[in-house]
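Structural description and commentary
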2 protein chains.
Amino acid sequence: VDRNRFAAMHCSIARTAGVVGDPWTLLVLRDLFLGINRYEELRRDLGIATNMLADRLDRLVSDGLVERRRYEQRPPRDEFLLTARGRDLFTVALTVMAWGDRHEAPDGPPMRLRHDGCGHPATPRVTCDHCGGELRLDNVTVLPGPGGRDAPGTTVVAERLLRRGPGHPADEQWSP
Amino acid sequence: VDRNRFAAMHCSIARTAGVVGDPWTLLVLRDLFLGINRYEELRRDLGIATNMLADRLDRLVSDGLVERRRYEQRPPRDEFLLTARGRDLFTVALTVMAWGDRHEAPDGPPMRLRHDGCGHPATPRVTCDHCGGELRLDNVTVLPGPGGRDAPGTTVVAERLLRRGPGHPADEQWSP
């Protein structure tokens with residue numbers, strides 16, 4: 001597939017999508033997040049063909065999201081444990097789930113979340129680490145970053161930024 | 001492909017992944033979020049084959065994420081505008097980008113965000129709508145929801161909940 005192509009793009013969405021931009025991969029990760037770690041349990045829960053499951057797990061291991069551990073020697077049986085890099089994808093799973101709950105769940109959310117920190121049912125929000133306000137398409141401006149040379153879309157972004165002209169007090173933080 | 005299969009699962013991750021679980025689809029959405037709306041601009045920015053781009057745009061239209069608008073009659077030229085449903089996927093793009101920035105950006109983030117609400121550079125966080133605390137794998141419990149009959153993974157989730165036994169004051173909110 002095009003994985004190397006996405007990895008080579010100067011874009012964090014492309015690079016991440018090259019790693020997890022596949023429905024079965026997301027579902028394997030979902031089960032790992034839920035604590036379903038053994039090959040046989042994963043196969044049964046997902047109803048996935050064995051070659052597909054083996055392929056997705058191999059890729060998750062080679063991408064460093066998951067570690068394989070043999071928990072039984074005879075017969076040989078493996079389980080799969082998330083690495084720190086893999087666990088950090090939980091935020092992606094949360095927003096993917098939240099969108100589905102809002103737009104594709106006519107009978108209500110199939111699963112619910114409890115935030116153990118406060119003990120209450122939680123609906124995930126994506127917020128600004130500075131002020132805590134919600135980040136939405138209409139209140140976020142995308143700007144070129146340090147790793148963005150030749151980034152797809154960056155030329156357009158830079159042009160739009162220039163068109164906006166001076167004015168926003170925080171813009172100087174973004175000048176090259 | 002397996003799209004109908006994912007749509008039929010009682011899982012919001014599966015349903016969403018069936019719609020956007022494809023790298024090119026995510027990159028088309030990225031460009032639409034950036035304001036790149038015209039077919040020719042999309043093709044040029046993405047470096048994507050025309051049949052692939054047409055396929056992804058057709059699916060985005062039929063899934064109700066995007067509307068096609070003819071902005072020029074001779075020669076016929078189309079642009080693509082996000083619907084409310086499509087704009088709401090911005091949160092997914094933000095977490096996908098944030099993961100890539102953390103794990104796949106050795107030269108620094110290719111793009112940066114400014115939260116116009118507060119004017120500061122923003123790193124997206126996924127937080128609890130009740131208390132504002134960060135949601136992570138180690139402080140969230142997943143529980144069966146109303147739309148979860150026969151949900152993949154739900155049996156395991158319910159069993160784990162039962163094993164936890166009584167104890168957490170908020171658990172009564174989750175009893176059937």
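Relevant structure appears above.
Right, let's walk through the structure included here. Within any chain, residue numbers begin from 1 and follow the written order of that chain's sequence. Note on labels: chains are lettered from A, ligands numbered from 1, in written order. Only residues with pLDDT of at least 70 get local features here, since the model is predicted, and only at 80 or more are side-chain atom pairs given and counted; chain-wide, interface and lining totals rely on the full set of residues. The side-chain numbers reported here are obtained from all heavy atoms of the structure, hydrogens and water having been left aside.

Structural notes on the sheet that holds strand β3 (residues 111-115) of chain B
Should DSSP find at least two bridges between two strands, the strands are regarded as paired. Secondary structure elements are defined from DSSP: runs of H or I of at least 4 residues count as helices, runs of E of at least 2 residues count as strands, and each element is numbered from the N terminus. Spatial strand order, β6(A)-β3(B)-β4(B): three strands in an open sheet with antiparallel pairing. Both outer strands of the open sheet, β6 (140-144) of chain A together with β4 (120-121) of chain B, are each paired with one neighbouring strand and no more. Taken together, the two bridges between β3 of chain B and β4 of chain B define a ladder with antiparallel strand orientation. When the sheet's bridge partners are listed, H115 of chain B is paired in β4 of chain B with H120 of chain B.

A closer look at the interface of chain B and chain A
Note on contacts: a residue pair qualifies if any of its non-hydrogen atoms lie within 4.5 Å across the two residues. If you look at the interface, chain B gives 103 residues, while chain A gives 103 residues. Summed over both partners, the interface of chain B with chain A comes to about 9,300 Å²; 64% of that surface belongs to carbon and sulfur atoms. A salt bridge links R85 of chain A to E104 of chain B, with the nearest nitrogen and oxygen atoms 2.7 Å apart. What qualifies as a polar contact is a pair of N or O atoms within 3.5 Å, subject to a donor-acceptor requirement within protein and to the restriction that residues adjacent in sequence count only when both atoms come from side chains. At the boundary of chain B with chain A, the tally comes to 42 residue pairs in polar contact (both at pLDDT 80 or more). Ranked by residue count, the leading element in the side of chain B that touches chain A is helix α7 (residues 90-103) of chain B, at 13 residues. Under the scheme applied here, ten amino acids are nonpolar (Ala, Val, Leu, Ile, Met, Phe, Trp, Tyr, Cys and Pro), four are charged (Asp, Glu, Lys and Arg), and all others, including Gly, are polar. Among the residues forming the side of chain B that touches chain A, the class breakdown is 52 nonpolar, 28 polar and 23 charged. In terms of strand pairing, β6 of chain A meets β3 of chain B through five bridges, oriented antiparallel. Paired with V140 of chain A across the strands is H115 of chain B, a residue of β3 of chain B. Two parts placed together each lose some accessible area; with a 1.4 Å probe, that loss summed over both constitutes the buried area. Salt bridge, as used here, is a side-chain nitrogen of Lys or Arg placed within 4 Å of a carboxyl oxygen of Asp or Glu.

Overview of the nonpolar core
The nonpolar side chains of a soluble globular protein tend to be buried, and buried together. In terms of nonpolar packing, the biggest core is built from 86 residues, with L27 of chain A together with L27 of chain B touching the most fellow members. Discounting chain neighbours no more than four positions away, the residues touching L27 of chain A are L46 of chain A together with F6, M9, C11, I13 and A14 of chain B. Only buried Ala, Val, Leu, Ile, Met, Phe, Trp, Tyr and Cys residues count toward a nonpolar core, and they belong to the same one when joined by side-chain atoms within 4.5 Å. Burial status follows relative accessibility: with a 1.4 Å probe on protein chains alone, a residue under 20% of its type maximum counts as buried, one over 50% as exposed, and anything between as partly exposed.

Things to note about the relation of the copies chain B and chain A
For this overlay, a least-squares fit was computed on C-alpha atoms, restricted to residues scoring pLDDT of at least 70 in both copies. When chain B is brought onto chain A, the operation consists of a screw motion whose angular component is 180° and whose axial shift is 0.0 Å, with 0.0 Å RMSD remaining. On this basis, the relationship between the two copies can be described by a two-fold rotation axis. Comparing contact sets, 100% of the residues at the interface of chain B also lie at the interface in chain A, consistent with an isologous, same-surface contact.

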